[in-house]
Amino acid sequence: MTQAKIQRPSGMHDVLPEDQKYFQKIFDVVKEIADFYNFQKIDTPILEKTELFSRGIGLATDIVQKEMFSFKTKGGDYLTLRPEGTAPVARAYIEHGMQNLPQPVKLWYFGPFFRYEKPQAGRYRQFWQFGFEVLGEENPVIDAQIIQIFFNILKELKLENLVIKVNSIGDRACRPYYKKLLNSYFKSRLESLCRDCRRRFKENPFRILDCKVEKCQTIASQAPLIIDHLCQACHEHFKEVLEFLDELSFPYHLEPHLVRGLDYYTRTVFEIFEDSEEGKKLGALVGGGRYDGLIKILGGKETPAVGGAGGVERIVSLMKEKAIRFPREKKTEIFLAQLGFLAKRKSLKLIEEFRKEGINIFESLGRDSLKAQLKLADKLGAKYTLILGQKEALDNEIILRDMASGRQEKIKIDKIIETIKKKIKKP
Ligand code: HAM
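Residues numbered from 1 in each chain as written. Predicted model: local features only at pLDDT ≥ 70, side-chain atom pairs only at ≥ 80, totals over all residues. Heavy atoms only, no water.

## A look at the overall build of the chain
Helix and strand counts for the chain come out as 16 helices and 16 strands. Relative to the compact-globule value of 22 Å for 427 residues, the chain shows a C-alpha radius of gyration of 28 Å, a clear excess of over 25%. Overall, the chain is about 90 × 60 × 45 Å in size when its C-alpha atoms are taken along their principal axes. Residues classed as buried in the chain amount to 50% of the 427 residues present. For the chain, contacts bridging at least 24 residues in sequence account for 70% of all contacts bridging at least 6. Accessible surface, the chain as shown: approximately 22600 Å² in total, 51% of it carbon and sulfur. (Helix = DSSP H or I, 4+ residues; strand = E, 2+ residues; numbered from the N terminus. Rg over C-alpha atoms; globule rule 2.2 N^0.38 Å. Buried < 20%, exposed > 50% of the residue type's maximum accessible area, 1.4 Å probe, protein only. Contact = heavy atoms within 4.5 Å. Areas by Shrake-Rupley, 256 points an atom, 1.4 Å probe, with all protein chains shown as cover.)

This is the structure we're talking about:
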């Protein structure tokens, strides 16, 4: 009886060899920009205490209510596969006393995240994010610089027609009054809201504003706007963020309905989209904002902070759709063909010597037919094939075949690297 095939978990993907170049390109661009702006890399564990997210992201959010992969360990701890990177970075900042370092502390990361979401275009259960976080700085110029960093990364990846949506959602000084306004607005419309929103009304009416259900969206679209009720300090802060964005001539839109799905945000929030059919299907490529209250909520000192994160798979989708090209990878100049046990043994050593000299060499050590190996060398476009047969292996020689002319010469094995270097002009 044949065994049933085991498939990958729903919403999770293999990053296949043909897609690695996109991931690598994104990583390289992110790293180059991180280095330029003096961000340092941080890796936090894939698993964290569940409480980090319930406290950090907020109990009433969809992420905490519905989307976390959580479990109890054999030792009785409650752990969660990280659904995002900001709370873990804030936890690490507190845990390692980074508040005692010169401020701000600028960190970046690149890794897999997990959310139990309904799989669909641009929405996976395991996805990759790159993130930038600036901790310990309140100045609005940093909000603009974070937006600039993400915008530059997307531009550098050749994405066009980018749209930045920004809003300010106030802070603890202006929120309580705004919450009261929201409460009275939604109270009279409770019956028309979805079940989740009726719960959200009790827990945090703010969350109704980013409900995805159409009838709730229609009602939310008429709700009072936080932007009209910012306190003086938040108003000034946001005004300056926009002035900096103007200075950079960025294509931003004020989006008064943008509230983001995580509770830790204060003041500036932003998202970046690509304005095309595909871009609309995928949703935001980047999301972020200021989170001045988070570090205190997690047990640290009052610390202003701002950051954002980009979704790698969504960006890869767009890069593929636009057929963004990459420089050709490793060139196949040399192929090593071998015959017989002794030749295989010598080949292993010879390949190692080529590696140490930094010369790429292709082979097919498992094959025994010379004809098949030469055919492969030809297919790969090798300029030279080295042939190590049984006789050559015994005589410590190797045949060098010029693939274009078919000309062959015998060379002592200990001279082959030198000869090849001259042929391919490697110093
Ligand atoms: P987020 O908006 O939840 O923010 O996620 C950031 C980006 O990750 C999204 O814009 C999207 O591109 C990608 N993303 C999110 N969920 C999925 C998914 N299920 N499948 C594929 N891609 C996804 C955060 O995570 C915040 N921690 C960002 C931040 C950093 N705010 C301040 N600092």
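## Topic: a positive patch on the surface
A cluster of basic residues, Arg195, Arg198, Lys202 and Lys215, forms a positive patch on the protein surface. Among the elements that make up the positive patch, the one with the highest residue count is helix 7 (residues 195–203) (three residues). Tracing the backbone shows lysine 215 in helix 8 (residues 214–221). Judged by relative accessible area, lysine 215 falls into the partly exposed class, the value being 46%. (Patch = residues over 30% accessible without salt bridge, like charges linked within 9 Å, V, L, I, M, F, W, Y side chains within 5 Å. Salt bridge = Lys/Arg side-chain N within 4 Å of Asp/Glu carboxyl O. Lys, Arg positive; Asp, Glu negative; His and termini not counted. Charge placed at Lys NZ, Arg CZ, Asp CG, Glu CD.)

## A few points about helix 13 (residues 341–356)
Owing to its 3.6 residues per turn, the α-helix aligns residues three or four sequence positions apart on the same side. An ideal rise of 1.5 Å per residue puts 22 Å on 16 residues; helix 13 measures up with 24 Å between its terminal C-alpha atoms. Within the sequence span of helix 13, burial applies to Ala343, Ser347, Leu350, Ile351 and Phe354. Looking at the packing, one finds that the buried side of helix 13 touches strand 12 (334–338), strand 13 (362–363), strand 14 (384–388), helix 15 (390–395), strand 15 (397–402) and helix 16 (416–423). Positioned one or two residues after helix 13, glycine 358 has a phi angle of 70°, which is positive. (Expected span 1.5 Å × (residues − 1).)

## Here we look at the domain arrangement of the chain
According to the domain assignment, the chain consists of domain 1 (17–174 + 230–321) and domain 2 (334–421). Just the C-alpha atoms count here: the centres of domain 1 and domain 2 sit 51 Å apart. (Domains from an automatic or database assignment.)

## With respect to the sheet that holds strand 16 (residues 408–412)
Reading across the sheet, the five strands line up as 13-12-14-15-16 and stay open at both edges, with mixed pairing between neighbours. With partners counted over all chains shown, the strands left at the sheet margins are strand 13 and strand 16, one partner each. Pairing of strand 12 with strand 13 involves two bridges; the strand directions are parallel. Paired with phenylalanine 335 across the strands is phenylalanine 362, a residue of strand 13. Relative to strand 12, helix 13 is tilted by about 160°, and along the sheet it contacts strand 12, strand 13, strand 14 and strand 15. (Pairing = 2+ DSSP bridges. Axes fitted to C-alpha atoms, helices over the stretch in contact; angles between N-to-C directions.)

## Here's the deal with the site of the ligand
Near the ligand there are 25 residues, and of these Glu84, Glu117, Glu133, Tyr265 and Ala284 occur at the shortest range. Glutamate 84 has a polar side-chain atom sitting 2.6 Å from a nitrogen atom of the ligand. Taking 660 Å² as the accessible area of the ligand by itself, protein coverage stands at 96%. Looking at the shell around the ligand, the elements with two or more residues in it are strand 6 (126–135), strand 10 (286–290) and strand 11 (305–311). Of the residues assigned to the shell around the ligand, the class counts are nine nonpolar, nine polar and seven charged. (Near = heavy atom within 4 Å. Polar contact = N/O pair within 3.5 Å; in protein donor to acceptor, adjacent residues only side chain to side chain. Nonpolar A, V, L, I, M, F, W, Y, C, P; charged D, E, K, R; others polar.)

## Remarks on unusual backbone geometry
With an omega dihedral of 0°, the bond running from glutamine 103 to proline 104 counts as a cis peptide bond. Looking at where proline 104 falls in the secondary structure, it is placed in the loop between helix 4 (86–95) and strand 5 (105–114). A positive phi angle, close to 55°, is found at arginine 267, a residue other than glycine. According to the relative accessible area criterion, arginine 267 is buried, its value standing at 7%.

## As for the side chain of aspartate 292
Looking at the element boundaries, aspartate 292 is found in the loop between strand 10 and helix 11 (294–297). A distance of 3.1 Å separates a polar atom in the side chain of aspartate 292 from the backbone nitrogen of alanine 305. Excluding anything up to four places from it in sequence, aspartate 292 contacts Thr266, Arg267, Glu302, Thr303, Pro304 and Ala305.

## Brief notes about the sheet that holds strand 5
Sheet strands line up and pair through hydrogen bonds in the backbone, either parallel or antiparallel. With respect to topology, eight strands assemble into an open sheet ordered 1-5-6-11-10-9-7-8, the strand pairing being mixed. Strands at the two margins of the open sheet, each flanked by one partner only, are strand 1 (40–41) and strand 8 (252–254). As paired elements, strand 9 (residues 266–274) and strand 10 share five bridges and run antiparallel to each other. Residue pairing in the sheet places glutamate 271 in a bridge with glycine 287 of strand 10. Helix 12 (residues 312–321) contacts strand 5, strand 6, strand 9 and strand 11 of the sheet and is inclined by roughly 115° relative to strand 6.

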